Every structure is written in C-alpha cells, then in structure tokens.
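# Residue-level structural notes
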Amino acid sequence: KHNHTLQPIDQGLIAALKEYYLCQTFSQATEATEYGQTLKEFWNGFKILNVIWNITATWEKVTQQCINDISKNILKNVNTFKGFNKDSAVD
C-alpha cells in the first residue's frame, strides 16, 4: 500500500532538485558563452556525463534543512515531527 503522506514530500524534493539542476545547467551555459562558445556549441557538447555530474552537484545542494522544510510544510499537523536525516547511503 502506497503512503500518500510521502508523495507530497517526494514532489517537494523533485521540485527542489529540478530547480537546482536548471540553475546549475544554465549557469554552465552562461559561463560557456562568456568564454566565446555559442549556445548551440554548448548544447552539442552537453553529454550524458554532464547530466550525471550536474545531478550529483544538484543533490549536494539539497541540504538537511531543505529536506526538513519540505517535510515540515507537509507534516505540520504532526506535533512530534523533528525532521529526517539525509540518507548517507544515497550520497
């Protein structure tokens, strides 16, 4: 049976990851154009390995506080909620 309370938490984490990922990638594109590369050249050179590196860098930006804030917003009716520990196995 799926826990529907966790689904909004998952959605919050996914939204945070997407935001950080887009910022990371667009920052790289901006930097590339500042060094004389066109956007087309940047995107043509953007490979799966770049995606993996950006996802890794993005996950590093998801802090314990970010996870707790998302959880507290979803679980604000639970009086004993103290937050989650970021799973070190995922790191």
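Residues numbered from 1 in each chain as written. Predicted model: local features only at pLDDT ≥ 70, side-chain atom pairs only at ≥ 80, totals over all residues. Heavy atoms only, no water.

## Here we look at the overall build of the protein
Spelled out, the test is: Helix and strand labels come from DSSP, where a helix needs a run of H or I of at least four residues and a strand needs a run of E of at least two; each type is numbered from the N terminus. Exposed residues in this analysis have more than 50% of their type's maximum accessible area, buried residues have under 20%, and partly exposed residues fall in between, with area computed by a 1.4 Å probe over protein chains only. Contact between two residues is taken to exist if any of their heavy atoms lie within 4.5 Å; hydrogens are not considered. Only the protein chains shown count as cover for residues, and the accessible areas themselves come from Shrake-Rupley with a 1.4 Å probe.
A tally of regular secondary structure across the protein gives four helices and zero strands. Scanning the protein from its N terminus toward the C terminus, one meets helices and strands in the order α-α-α-α. Here the protein, with 91 residues, has 23% of them falling under the buried criterion. Considering only contacts within the protein whose residues lie at least 6 apart along the sequence, 62% involve residues at least 24 apart. On the protein, roughly 6900 Å² of surface is accessible, and the fraction owed to carbon and sulfur atoms is 57%.

## Here we look at the environment of L17
Its location among the elements puts L17 in helix α1 (residues 6–34). On the basis of relative accessible area, L17 is assigned to the partly exposed category, the value being 26%. Residues L17 and V62, spaced 45 residues apart in sequence, show a C-alpha to C-alpha distance of 7.3 Å. When near neighbours in sequence (up to four residues on either side) are disregarded, L17 contacts T58, W59 and V62.

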